[in-house]
Amino acid sequence: MLIGYARVSTIDQNLDMQVDALKVAGCEKIFSDVASGAKTERVELKKAMEQLRKEDVLVVWKLDRLGRSLKHLIQVVSDLNEQDIGFKSLQENIDTTTNGGKLIFHIFGALAEFEREIIMERTNAGLKAARARGRLGGRPRKMDKAKIEIAQALFDAKKTTVKNICKQLGISKGTFYRYIKW
């Protein structure tokens, strides 16, 4: 069974063109959302995914109607593939039920993985360069030596509650217990 999914970003846009194209493509059921592509919660997409069964095909008018990003799109199509569900994009002429369509999607996947590795390399190079200039990563510590000594003394005196000590020093209980010896 072919199940269609259409999406527009705003209420000002019209779904008619996508729905018509999905009907012409032979979709028996069509689900449609009016939601930003960046929005994770798309109710009708969820319903469409729940309707899909083995050997069904999810059909979209265009790739960007389904995925928020290339990474998300690849994840969705990979999930479909694991369930023996096909994917078809009308505008890009991609059909994962064919060998050519599978090849195109594997190329997309390889490009996305390459992009992730490049980003990781740049991040690591930036961190290494910052360390070479004496900069340390991460958040600044809440507790310096003086604050630790004050907290320990107040705790050992047993006259102030942990809650009050934390309030006075502007720290959380977790931070307090990380530094204090019992």
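Everything discussed here concerns the structure shown above.
The following refers to the structure shown. (Residues numbered from 1 in each chain as written. Predicted model: local features only at pLDDT ≥ 70, side-chain atom pairs only at ≥ 80, totals over all residues. Heavy atoms only, no water.)

This next bit is on the nonpolar core. One finds Tyr5, Leu58, Leu66, Leu80, Phe87 and Phe105 to be the most contacted residues of the largest nonpolar core, which totals 20 residues. Counting residues per element, the ones that place at least two in this core are β1 (2–8), α2 (43–51), β3 (57–60), α3 (70–82) and α4 (99–132). Looking at which element gives the most residues to this core, the answer is α3, with 5 residues. Aside from chain neighbours lying at most four places away, what touches leucine 80 is Met49, Leu52, Leu58, Ile85, Gly86 and Phe87. Among the nonpolar cores identified, the runner-up in size contains 10 residues, and Ile165, Cys166, Tyr179 and Ile180 belong to it. (Core = buried A, V, L, I, M, F, W, Y, C linked by side-chain atoms within 4.5 Å. Buried < 20%, exposed > 50% of the residue type's maximum accessible area, 1.4 Å probe, protein only. Helix = DSSP H or I, 4+ residues; strand = E, 2+ residues; numbered from the N terminus. Contact = heavy atoms within 4.5 Å.)

So, about the packing of α3 against α4. When two helices pack together, their arrangement is given by the angle between the helix axes and the distance between those axes. Two elements in contact, α3 and α4, have axes separated by 10 Å at closest approach and are oriented at 135 degrees. Regarding the angle of α3 to α4, the classification is oblique. You can see that α3 and α4 cross each other, and the crossing is left-handed. Residues Leu70, Lys71, Leu73, Ile74 and Val77 of α3 form the contact with α4, whose own contacting residues are Phe105, Phe108, Gly109, Ala112 and Arg116. Here the contact of α3 with α4 is built from residues that sort into 7 nonpolar, 1 polar and 2 charged. (Axes fitted to C-alpha atoms, helices over the stretch in contact; angles between N-to-C directions. Parallel < 35°, antiparallel > 145°, perpendicular 65-115°, else oblique. Left-handed = near helix turned anticlockwise from the far one by under 90°. Nonpolar A, V, L, I, M, F, W, Y, C, P; charged D, E, K, R; others polar.)

At 3.6 residues per turn, the α-helix brings residues three or four places apart onto the same side. Buried within α2 we find Glu44, Leu45 and Ala48. Each buried residue of α2 lies within a common arc of 100 degrees when the element is viewed along its axis, so the set occupies one face. Packing partners of the buried residues in α2 comprise β1 and β2 (29–34). (Arc of directions from axis to C-beta.)

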